[in-house]
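Listed below are the residues making up each chain.
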2 protein chains.
Amino acid sequence: MSRQMVRPGGRSARVQASVHAAVHELASEMGRDALTVPLVAQRAGVTPSTIYRRWGDLQELLSDVAVERLRPDTAPGEHGTLPSDLTAWAEQFLDEMSSPAGRAYIRDALLGDPDGSNAGQCSAYAAEQIDVILTRATERGEKAPDVETVIDHVVAPLMYRILFRPAGLDAEYARRLVTAILGPAGP
Amino acid sequence: MSRQMVRPGGRSARVQASVHAAVHELASEMGRDALTVPLVAQRAGVTPSTIYRRWGDLQELLSDVAVERLRPDTAPGEHGTLPSDLTAWAEQFLDEMSSPAGRAYIRDALLGDPDGSNAGQCSAYAAEQIDVILTRATERGEKAPDVETVIDHVVAPLMYRILFRPAGLDAEYARRLVTAILGPAGP
DNA sequence: CACCAGACGCAATGATTTTGCTTTAAGGTG
DNA sequence: CACCTTAAAGCAAAATCATTGCGTCTGGTG
């Protein structure tokens, strides 16, 4: 993560948790754009200077929270075949990421991220999930492309459109990308 | 563009030009991160409230400037064949966009862009350039993929890596993407 | 248990952002 | 060409936010 090398279990951890929770609550109550450091601090029961010292500014805090929020909380579903696994994952990915909240999180993760490590983490999450799906397929004896190929030709186009052309995105598009990569009749 | 429906030639236009110029100058003199609204206003010979009223905040201003800066200023080069035209364009695109300045502009364009219109404009620029290349190829009698395909499988992977995985990007990667889409021996 | 270092709270200071009101200038009209 | 309308800019006060020095507290360590 960006700069949280907190001592686990101590006061630092409590502050971090309470600040993150405050961001969540306030973001859903009054909208992400209404957030300010003093507001978050008050809700978290903390002084603003604490937030400024630990995170630097609002953007870095939001970036941190966004990455945490973008971490998949569950392994990809199993549907028996590679095409169905990958299609289901791509549809869910698109669904989650293209929502207004999802786009906001992605943008926040990209932002306030001088060294690019937060954005890199997001990409790593996706790569992990895809790797699970492909490894499963290989173990079943299916022929599977490698992770980089899936990222280039499924994840990247989805993300590109989410960020740059939010209009006209639907599950059918995600399915087409998967089909194109696996070959119309499987790889 | 985002909110600039200025009367051309009037005072508004002068203010816009001078503010944009001030952003350029200050960004190169003291670094993009050192910019503040009052600073830009002073350099532009304008009061801060003018900037706040017209652009809302620094992010939206930077987003506007970034889009202007990302507009291609020249038509894609002609090299005689589709593969060479597209390869050259992709290499140049990667080169410009993956530089620190390029990444900063892309991020700025994505940011402060509530409705996504600035980001959409960036995508439209790329689509335009690609369309020129593909149309030329078609007129020469070459078989060419459509713009959407090139965006999905060349532009999107490049942009994804620029934003999310800045490491390990080189011209060879751009060439591979183009080759993959045109077919190893041409389409 | 006493110590050390890191993290937090508090409060003062400085910078930025917001806002009401006034003034200017562009574009249209008689 | 002079006049009118209106959007946009200037100005200045008020509010909010960001920064920083210093003292206090907490949790880990010897």
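Keep in mind the model is a prediction, meaning the values are calculated, not measured.

Visitor: Can you lay out the overall build of chain A for me, pointing to particular residues and giving the numbers?
Guide: Check the secondary structure of chain A and you find nine helices and zero strands. Of the regular secondary structure in chain A, the N- to C-terminal order runs α-α-α-α-α-α-α-α-α. Counting only C-alpha atoms and orienting by the principal axes, one finds that chain A spans roughly 60 × 35 × 25 Å. Within chain A, the fraction of its 187 residues that count as buried is 35%. By sequence separation, contacts in chain A at least 24 residues apart represent 63% of the contacts at least 6 residues apart.

Visitor: Can you break down the nonpolar core residue by residue, with the values?
Guide: Counting 96 residues, the largest nonpolar core has Ala90 of chain A together with Ala90 of chain B as its most contacted members. With residues near it in sequence (within four places) discarded, alanine 90 of chain A still touches Val154, Leu158, Ala174, Leu177 and Val178 of chain A.

Visitor: Could you give an account of the protein's contact with DNA strand C, naming the residues involved and the relevant values?
Guide: Around DNA strand C, 23 residues are found, and the nearest of them are Thr50 of chain A together with Gly10, Thr36, Val37 and Ser49 of chain B. The set of elements that each furnish at least two residues to the surface near DNA strand C consists of helix H1 (11-30) and helix H3 (48-55) of chain A together with helix H2 (37-44) and helix H3 (48-55) of chain B. The class makeup of the residues in the surface near DNA strand C is eight nonpolar, eight polar and seven charged.

Visitor: Got a sec to walk through the protein's contact with DNA strand D? Specific residues and values, please.
Guide: Close to DNA strand D lie 23 residues; Gly10, Thr36, Val37 and Ser49 of chain A together with Thr50 of chain B are nearest. Looking at the surface near DNA strand D, the elements with two or more residues in it are helix H2 (37-44) and H3 of chain A together with helix H1 (11-30) and H3 of chain B.

Visitor: Requested: an account of the interface of chain B and chain A, with residues and values cited.
Guide: The partner chain A presents 19 residues to the 19 residues of chain B that form the contact. The set of elements that each furnish at least two residues to the side of chain B that touches chain A consists of helix H6 (100-110), helix H7 (117-139) and helix H8 (147-164) of chain B. For the side of chain B that touches chain A, the element with the highest residue contribution is H8 of chain B, accounting for nine residues.

Visitor: Tell me what's going on with the relation of the copies chain B and chain A, and back it up with residues and numbers.
Guide: Note on the identical chains: chain B maps onto chain A by a rotation of 179 degrees and an axial translation of 0.1 Å, with an RMSD of 0.2 Å. What the superposition gives is, in effect, a two-fold axis relating one chain to the other. Here 100% of the contact residues of chain B are again contact residues in chain A; the copies associate through an equivalent surface.

Visitor: Give me the lowdown on H1 of chain B, citing residues and values where you can.
Guide: All names here are of chain B. Taking 1.5 Å of rise per residue, 20 residues should cover 28 Å, and H1 covers 28 Å from first to last C-alpha, within 8% of that figure. When we look at burial in H1, the residues that qualify are Val19, Ala22, Val23 and Ala27. Looking straight down H1, one finds its buried side chains confined to an arc of 125 degrees; they lie on one side. Among the exposed residues of H1, those pointing more than 90 degrees away from its buried face are Ala17, Ser28 and Glu29.

Visitor: Provide a residue-level description of the confidence of the model for chain A, including the pertinent values.
Guide: Residue and element names in this part refer to chain A. Across chain A, the average pLDDT comes to 92, with 93% of residues at or above 70. When the elements of chain A are averaged for pLDDT, helix H6 (residues 100-110) gives the smallest value, 92, and H2 the largest, 98. pLDDT under 50 marks residues 1-5. Its contacts with residues more than four places away, or in other chains, come to nine contacts.

Visitor: Any chance you could break down the packing of helix H5 (residues 82-98) of chain A against helix H9 (residues 171-182) of chain A for me, citing the residues and the numbers?
Guide: All names here are of chain A. It is at 9 Å that the axes of H5 and H9 come closest, and there the two elements cross at 145 degrees. In terms of crossing hand, the pair formed by H5 and H9 is right-handed. Of the residues in H9, those touching H5 at Leu82, Pro83, Leu86, Thr87, Ala90, Glu91 and Leu94 are Ala171, Ala174, Arg175, Leu177, Val178 and Leu182. For the contact of H5 with H9, the per-class residue count stands at ten nonpolar, one polar and two charged.

Visitor: Could you give me a rundown of the environment of valine 37 of chain A, with the residues and numbers involved?
Guide: Residue and element names in this part refer to chain A. Within the secondary structure, valine 37 sits in helix H2. Exposure remark for valine 37: the 17 C-beta atoms within 10 Å place this residue in the partly exposed category. Once the C-alpha coordinates of valine 37 and tyrosine 52 are considered, the two residues, 15 residues apart in sequence, prove to be 7.9 Å apart.

Visitor: Now, about helix H4 (residues 58-70) of chain A: what can you tell me, with residues and values included?
Guide: All names here are of chain A. The terminal C-alpha atoms of H4, which comprises 13 residues, lie 18 Å apart, in line with the 18 Å expected from a rise of 1.5 Å per residue. For H4, the set of buried residues is Glu60, Leu61, Leu62, Ser63, Asp64, Val65, Ala66 and Val67. Taken together, the buried residues of H4 touch H1, H3, H6 and helix H7 (117-139).

Visitor: Now, about the packing of H8 of chain B against helix H9 (residues 171-182) of chain B: what can you tell me, with residues and values included?
Guide: Residue and element names in this part refer to chain B. Relative orientation of the contacting elements H8 and H9 amounts to 165 degrees, with a least axis distance of 10 Å. In terms of orientation, H8 lies roughly antiparallel with respect to H9. Crossing of H8 against H9: the hand is right-handed. The segment H8 lies against H9, with Thr149, Val150, His153, Val154, Pro157 and Leu158 engaging Ala174, Leu177, Val178, Ala180 and Ile181. Residues that form the contact of H8 with H9 fall into these classes: nine nonpolar, two polar and no charged.

Visitor: Please set out the environment of glutamine 92 of chain A residue by residue, giving values where relevant.
Guide: Within the secondary structure, glutamine 92 of chain A sits in helix H5. Spatially, the C-alpha atoms of glutamine 92 of chain A and alanine 174 of chain A are 9.4 Å apart, while their sequence positions differ by 82 residues.

Conventions and cut-offs
- Residues numbered from 1 in each chain as written.
- Chains lettered and ligands numbered in written order.
- Predicted model: local features only at pLDDT ≥ 70, side-chain atom pairs only at ≥ 80, totals over all residues.
- Helix = DSSP H or I, 4+ residues; strand = E, 2+ residues; numbered from the N terminus.
- Buried ≥ 20, exposed ≤ 12 C-beta atoms within 10 Å, placed from the backbone.
- Contact = placed C-beta atoms within 7 Å.
- Core = buried A, V, L, I, M, F, W, Y, C linked by C-beta atoms within 7 Å.
- Near = placed C-beta within 6 Å.
- Nonpolar A, V, L, I, M, F, W, Y, C, P; charged D, E, K, R; others polar.
- Least-squares fit on C-alpha atoms with pLDDT ≥ 70 in both.
- Expected span 1.5 Å × (residues − 1).
- Arc of directions from axis to C-beta.
- pLDDT = per-residue confidence, 0-100.
- Axes fitted to C-alpha atoms, helices over the stretch in contact; angles between N-to-C directions.
- Left-handed = near helix turned anticlockwise from the far one by under 90°.
- Parallel < 35°, antiparallel > 145°, perpendicular 65-115°, else oblique.

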